Amino acid sequence: MFYLARPQNPCLLSSLNRRKFLALAGLPVVYAASLPAGVQLLGLEPADPLPGKHPGLTVLNDRPVNAETPAHLLNDKVTPAELMFVRNNGAVPRGLPELPTSLPGDWTLRIAGEAVPEPVTFTLEELQRRFTAHTYQLTLECGGNGRKEFSPPARGNQWSTGAVGCPKWTGVRLKDVLEAAGYDRKRAVYVGYYGKDTHLSGDPDKVVISRGVPIAKALEDESLIAWALNGKPLPLLNGYPLRLVFGGYPASCSGKWLSEIVVRDQVHDGEKMGGQSYRVPCEPVAPGTTVEDEDMCIILEMPVKSLITSPRTGAVVERGTPLSIAGHAWCGSSAVERMEYSIDFGSSWSRCQLAAPANRFAWQHFSARVNFPKPGYYEVWARATDTAGRSQPMVLPGWNPRGYLNNACHRIAVKVV
Amino acid sequence: MMSSTLRYTLLLLLLVAVAVGGYLLSDREPEPRPTEAKPSRIVDGLDADTGLIAEGDYLLVKGNCLACHSAKLVTQNRATREGWLEMIHWMQEKQGLWDLGEQEGPILDYLATYYAPEESGRRPPLGDIEWYILNPTD
């Protein structure tokens with residue numbers, strides 16, 4: 001019934017949505033608004049908009065739920081589940097536990113698309129039993145992290161710095177599952193996903209979001225179909241029970257509440273792959289320019305970036321006592337090679353200590369001891385440089401209509417007394 | 001006289017109809033639609049229900065925009081009249097927003113007046129700093 005009502009693969013049954021099916025079947029379309037009093041609908045929003053999340057998260061939006069983590073709460077080397085940011089495009093699927101403790105073994109994942117000879121369905125239990133599990137620490141960052149600073153402003157959730165986290169993810173390699181499904185190497189161009197989240201309009205025929213990655217990214221060792229975060233079932237708001245994780249790409253590529261993967265013979269054209277979503281002008285534009293859809297290009301790797309997570313901004317310190325700073329640096333394409341800080345607005349830079357990543361696409365930890373020459377107001381600015389020599393800009397990077405890819409240096413205020 | 005095949009077919013059809021009906025009753029979400037919003041408490045100039053600036057035609061925004069999404073999607077954004085109109089067009093094209101009719105003008109006036117962009121340049125100064133004494137042993 002469900003599959004008839006909401007075709008998972010729009011290539012199939014595309015002309016038969018639920019309402020049309022009902023009309024064809026000669027059945028009345030019943031609206032919830034006309035339900036008799038006392039009939040409860042399932043799937044009402046939970047009382048706690050952020051089940052399982054830390055109270056210190058900043059809620060940007062409550063329908064759909066979007067919340068970011070203040071920089072000083074991201075100090076852990078491995079981001080705890082309760083501090084992982086939440087970015088939802090639609091409503092959380094109904095009928096799932098708010099605080100999951102076990103996995104539904106019968107949850108199904110369908111592998112289909114033009115480059116798969118016959119659609120194959122695995123249960124979560126089969127994924128766990130048939131394939132080798134891998135654990136990686138992978139950085140996920142929303143493509144719109146930092147949108148808040150763009151001028152003229154870009155519409156959407158006004159993320160400041162906290163739509164990023166780097167927990168440990170456990171699951172199976174996407175490539176192992178695609179190989180088991182016998183995907184066609186010659187035809188495969190892109191991998192797209194479908195999930196069980198529902199459209200805010202309540203229209204069951206509308207796909208909330210269906211993005212993905214080029215096949216080369218999908219086949220990397222670290223590209224996972226994951227069921228665990230830090231060794232426990234995924235938090236509901238982060239995609240329980242199953243999701244994709246592509247470290248280093250905009251987090252919107254890593255589909256949550258995963259129910260279907262399509263291997264496409266073209267660039268995936270799912271919801272929020274085209275238009276202005278998760279795309280930036282192919283050629284740089286002046287701030288405020290209107291850019292036509294056909295002149296926008298899909299964001300792939302995220303740029304080099306860093307965050308000072310200790311101390312919290314606003315620290316008042318005594319003169320003569322060095323200040324210890326710490327944080328993380330990451331980069332979507334390679335690794336961070338150099339980390340520096342400045343207390344004079346970029347006139348001079350000093351090196352930080354920088355640790356190697358736990359694995360590819362994991363963030364790296366930095367630390368330094370900072371001395372201030374005299375009392376007064378300071379800003380500590382942090383700047384990461386990747387192995388290709390690309391550094392974070394001190395000013396905002398290229399303006400784009402939707403405010404993506406702001407990797408400008410992070411800074412904290414310090415007063416020396 | 002009905003043949004047994006026909007009888008079984010009818011029975012099967014009835015069962016399918018019952019199943020579909022049950023599914024609909026349990027699964028259907030309310031269709032969003034505009035409402036006539038009433039004024040509520042106003043605290044510090046903000047509508048207590050939503051956080052919208054309680055000036056001008058904020059009740060039109062409450063009755064139309066908040067049928068589908070949170071007020072936070074309005075209050076955290078800033079745009080010119082053209083920018084807000086573009087967002088409305090996008091919601092009409094992609095998200096199922098209805099034609100706002102003669103309410104569109106007053107809604108745009110409200111948004112462009114109270115949620116207008118501020119000039120912040122390439123990097124605004126750090127704002128809202130809450131100073132605290134850092135314990136050096138921390």
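Residues numbered from 1 in each chain as written. Chains lettered and ligands numbered in written order. Predicted model: local features only at pLDDT ≥ 70, side-chain atom pairs only at ≥ 80, totals over all residues.

Draft legend 1. Looking closely at the sheet that holds strand β25 (residues 376-386) of chain A. Within the open sheet, the six strands sit side by side as β22(A)-β21(A)-β25(A)-β26(A)-β19(A)-β3(B). Their pairing is mixed. The strands lining the two open edges of the sheet, one partner per strand, are β22 (350-351) of chain A together with β3 (132-133) of chain B. Relative to β3(B), strand β19 (residues 315-317) of chain A is paired through two bridges, and the arrangement is parallel. Among the inter-strand pairings, A:Val316 is bridged to a residue of β3(B), identified as B:Ile133. (Pairing = 2+ DSSP bridges. Helix = DSSP H or I, 4+ residues; strand = E, 2+ residues; numbered from the N terminus.)

Draft legend 2. Molecular detail of the environment of A:Pro80. Relative to the elements of secondary structure, A:Pro80 occurs in the loop between β2 (65-68) and β3 (86-87). Owing to 15 C-beta atoms within 10 Å, A:Pro80 belongs among the partly exposed residues under this scheme. (Buried ≥ 20, exposed ≤ 12 C-beta atoms within 10 Å, placed from the backbone.)

Draft legend 3. Quick peek at the sheet that holds strand β18 (residues 305-310) of chain A. All names here are of chain A. Strands sit in the order β18-β20-β24-β23 across an open sheet of four strands; the sheet is antiparallel. Bordering the open sheet on either side are β18 and β23 (353-354), each of which pairs with just one other strand. Taken together, the five bridges between β18 and strand β20 (residues 323-330) define a ladder with antiparallel strand orientation. Its bridge partner being in β20, lysine 305 is matched across the sheet by tryptophan 330.

Draft legend 4. Structural view of helix α4 (residues 81-94) of chain B. Compared with the 20 Å implied by 1.5 Å per residue over 14 residues, the 20 Å span of α4(B) between its first and last C-alpha is a close match. At the C-terminal side of α4(B), B:Gly96 shows a positive phi close to 85°. (Expected span 1.5 Å × (residues − 1).)

Draft legend 5. Highlighting the pairing of strand β26 (residues 410-416) of chain A. Residues and elements named next belong to chain A. Counted residue by residue, β26 has five buried out of seven residues, so it is predominantly covered. Where β19 meets β26, three bridges bridge the pair, whose relative direction is parallel. Across the sheet, residue valine 316 finds its bridge partner in β26, namely lysine 415. Sheet analysis places β25 next to β26, joined by seven bridges and oriented antiparallel. Bridge pairing links tryptophan 381 to arginine 411 in β26.

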